[in-house]
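Here's the letter readout for the chains.
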Amino acid sequence: MNERRIMQEKNKEGFVSDIVRNLPPSGIRKFFDLIARTSGVISLGVGEPDFITPEVIRAACRKALQEGRTKYTSNGGMPELRQAITCYLKRFDLNYEAENILVTVGVSEAVDLVLRAIVNPGDEILIAEPCYVSYVPSTKLAGGVPVIVPTSAEDEFKIKKKDLIARITPKSKAIIISYPNNPTGAIMERADLEEIAQVARKYNLLVISDEVYAELTYGTKHISIASLPGMQERTILLNGFSKAFAMTGWRLGFAAGPAEIIEAMLKIHQYTMLCAPSISQCAALAALQEGFPFIEEMVSSYDKRRQLMVHGLTELGLTCYRPRGAFYVFPSIKETGMSSEEFCEKLLFEEKVAVVPGNAFGQSGEGFVRCCYAAAQNEIEEALERIERFLRRLRRLPRTAIV
Ligand SMILES: Cc1ncc(COP(=O)(O)O)c(C=O)c1O
């Protein structure tokens, strides 16, 4: 028996592939397990709307069930939904045909599909960080090499042209960006995006643009990088229903992009997923037809809570970039001298407030924590009081005693 087979005999973990064994567990999940074991916690941890899906959308699902629309749909998604998505994207000055759209099981599946569709072993994928937790592992699982492009609070967490160019090599294939951003709440304006678009055009890179928070902006309309000159043909835009329509559990998203790449993604999707859930697709169609007034209400409610949170954290003396999209605030906790994880664990154990360590979103998130303000106003107020108590105690301690 060779060495590997002996290892497998001894330890079932030996059967697990090297890539998977070497993937670290998600920093978010690790933290949520801790939260689940603690009672009386106010959670500003989970990144999902606190609203339930609007009634018109749920009603469309009930109707679909009554009508027995419970069968597989076409692999790429129901034609009427793909058509409705092309109409929706016109809001962002984008003109796609139904063949440019693939309906997926959330943006999560779309991230995995696009990477598997484009990556050859060793291809480099530039990833603006801090970022959503799945980009790096999905790149590795696809056989690619993640190349991190850090962003900073000083630059309002926008990806900078010079930082991008410094990391481009002949193996660079695509850039992943996501604005409005999780975890920072940053957005990129047209001029910021134009700089990135110039780089993509010059170095012939694809752009994977995760725009799942496109509807959640405060005072500024979202701009898609795909709408800039020469970009639609090199952008794979990912979006979905989870955040805008409060539909996280329905697992529905989509990709829009050049037909050849969508076709390649469809190939994988049809073997692995077959199609996105039929009744969720019926609900998503209703969301696009009747859901927009509800988005307005939800955004206005998030905006109030955003202001409460930013004001509260700033009053507590935490340096806080003012988020302009999504539903997260990303204050710096560097003054405490603790690492993000230490800060979050202590805050959880001592005051029962759950926030997420910034390093869960990559090394450039170290020194920050993510607070999600999609929580009830009274919970945010109570959480701020508890954080104040926590900081007051910390600040009284001599520096060396903090850690
Ligand atoms: C930036 C980003 N992309 C994708 C996702 C996952 O979205 P979905 O529920 O559509 O899979 C999330 C969820 O938090 C996210 O923050």
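Residues numbered from 1 in each chain as written. Predicted model: local features only at pLDDT ≥ 70, side-chain atom pairs only at ≥ 80, totals over all residues. Heavy atoms only, no water.

An unreviewed UniProt entry lists the protein chain under the name Aminotransferase, with Thermacetogenium phaeum given as the organism. The UniProt entry for the protein chain carries the following comment under Cofactor (unreviewed entry): "pyridoxal 5'-phosphate". Regarding the protein chain, the UniProt comment filed under Sequence similarities (unreviewed entry) reads as follows: "Belongs to the class-I pyridoxal-phosphate-dependent aminotransferase family." (UniProt positions renumbered as here; feature names shortened; annotations may be inferred.)

A.B. asks: Which residues make up helix α13 (residues 340-351), and what values go with them?
C.D. replies: Between the first and last C-alpha of α13 there are 16 Å, a value that for 12 residues agrees with the 16 Å anticipated at 1.5 Å per step. For α13, every residue scored as buried is listed here: Ser340, Phe343, Cys344, Leu347, Leu348 and Glu351. Down the axis of α13, the sector holding all buried residues measures 125°, keeping them to one side. Residues of α13 that are buried make contact with α3 (27-36), β10 (353-354), β11 (356-357), β12 (369-372) and α14 (377-396). Once α13 finishes, Lys352 follows within two positions and takes phi at roughly 55°, a positive value. (Helix = DSSP H or I, 4+ residues; strand = E, 2+ residues; numbered from the N terminus. Expected span 1.5 Å × (residues − 1). Buried < 20%, exposed > 50% of the residue type's maximum accessible area, 1.4 Å probe, protein only. Arc of directions from axis to C-beta. Contact = heavy atoms within 4.5 Å.)

A.B. asks: Describe in detail the sheet that holds strand β5 (residues 172-177), supporting the description with residues and values.
C.D. replies: Read across the sheet, seven strands follow the order β2-β8-β7-β6-β5-β3-β4 without closing on themselves; strand pairing throughout is mixed. Strand pairing shows two members of the sheet lacking a second neighbour, β2 (101-104) and β4 (145-150), which therefore form its edges. Direction aside, neighbouring strands of the sheet carry axes that sit 20° apart on average. By the bridge criterion, four bridges tie strand β6 (residues 206-210) to strand β7 (residues 235-240) in an arrangement that is parallel. Pairing of Ser209 across the sheet is with Leu237, part of β7. Against the sheet, helix α5 (residues 79-89) makes contact with β2, β7 and β8 (253-256), and its axis sits at roughly 110° relative to β2, the strand it touches most. (Pairing = 2+ DSSP bridges. Axes fitted to C-alpha atoms, helices over the stretch in contact; angles between N-to-C directions.)

A.B. asks: For the site of the ligand, give the residues involved together with the corresponding values.
C.D. replies: The full set close to the ligand counts 13 residues, and Val107, Ser108, Asp210, Ser242 and Lys243 are the nearest of them. Taking Asp210, its side chain carries an N or O atom lying 2.5 Å from a nitrogen atom of the ligand. Within the side chain of Ser242, one N or O atom sits 2.7 Å away from an oxygen atom of the ligand. Summarising the interface, the protein chains cover 93% of the accessible area of the ligand, which totals 390 Å² for the free molecule. Element by element, the count of residues in the shell around the ligand is highest for helix α6 (residues 106-118), at three residues. (Near = heavy atom within 4 Å. Polar contact = N/O pair within 3.5 Å; in protein donor to acceptor, adjacent residues only side chain to side chain. Areas by Shrake-Rupley, 256 points an atom, 1.4 Å probe, with all protein chains shown as cover.)

A.B. asks: Quick one: what's the story with the domain arrangement of the protein chain, residue by residue and with numbers?
C.D. replies: By the assigned domains, the protein chain splits into domain 1 (3-52 + 294-395) and domain 2 (69-290). Summarising the inter-unit geometry, the C-alpha centres of domain 1 and domain 2 are found 24 Å apart. If you look at the interface, domain 1 gives 35 residues, while domain 2 gives 34 residues. Across the interface of domain 1 and domain 2, roughly 2,800 Å² is buried in total on both sides, 65% from carbon and sulfur atoms. Where domain 1 touches domain 2, the interface holds one salt bridge. Close ionic contact of Arg324 with Glu189 constitutes a salt bridge, the shortest N to O distance being 3.4 Å. In this structure, the connection of domain 1 to domain 2 is made through 13 residue pairs in polar contact (both at pLDDT 80 or more). Counting residues per element, the side of domain 1 that touches domain 2 draws most heavily on helix α12 (residues 292-315), at seven residues. Of the residues contributing to the side of domain 1 that touches domain 2, the split by class is 23 nonpolar, seven polar and five charged. (Domains from an automatic or database assignment. Buried area = accessible area lost by both parts, 1.4 Å probe. Salt bridge = Lys/Arg side-chain N within 4 Å of Asp/Glu carboxyl O. Nonpolar A, V, L, I, M, F, W, Y, C, P; charged D, E, K, R; others polar.)

A.B. asks: Now, about the environment of Arg370: what can you tell me, with residues and values included?
C.D. replies: Its location among the elements puts Arg370 in strand β12. Arg370 sits 14 residues away from Val356 along the chain, and the two C-alpha atoms are 5.0 Å apart. Separated by 2.9 Å, the side chains of Arg370 and Asn182 make a polar contact.

A.B. asks: Could you give me a rundown of the pairing of β7, with the residues and numbers involved?
C.D. replies: Burial of β7 is extensive: six of the six residues sit out of reach of the surface. Of the two faces of β7, both are covered, the one formed by Thr235, Leu237 and Asn239 as well as the one formed by Ile236, Leu238 and Gly240. By the bridge criterion, four bridges tie β7 to β8 in an arrangement that is antiparallel. Across the sheet, residue Leu238 finds its bridge partner in β8, namely Ala255.

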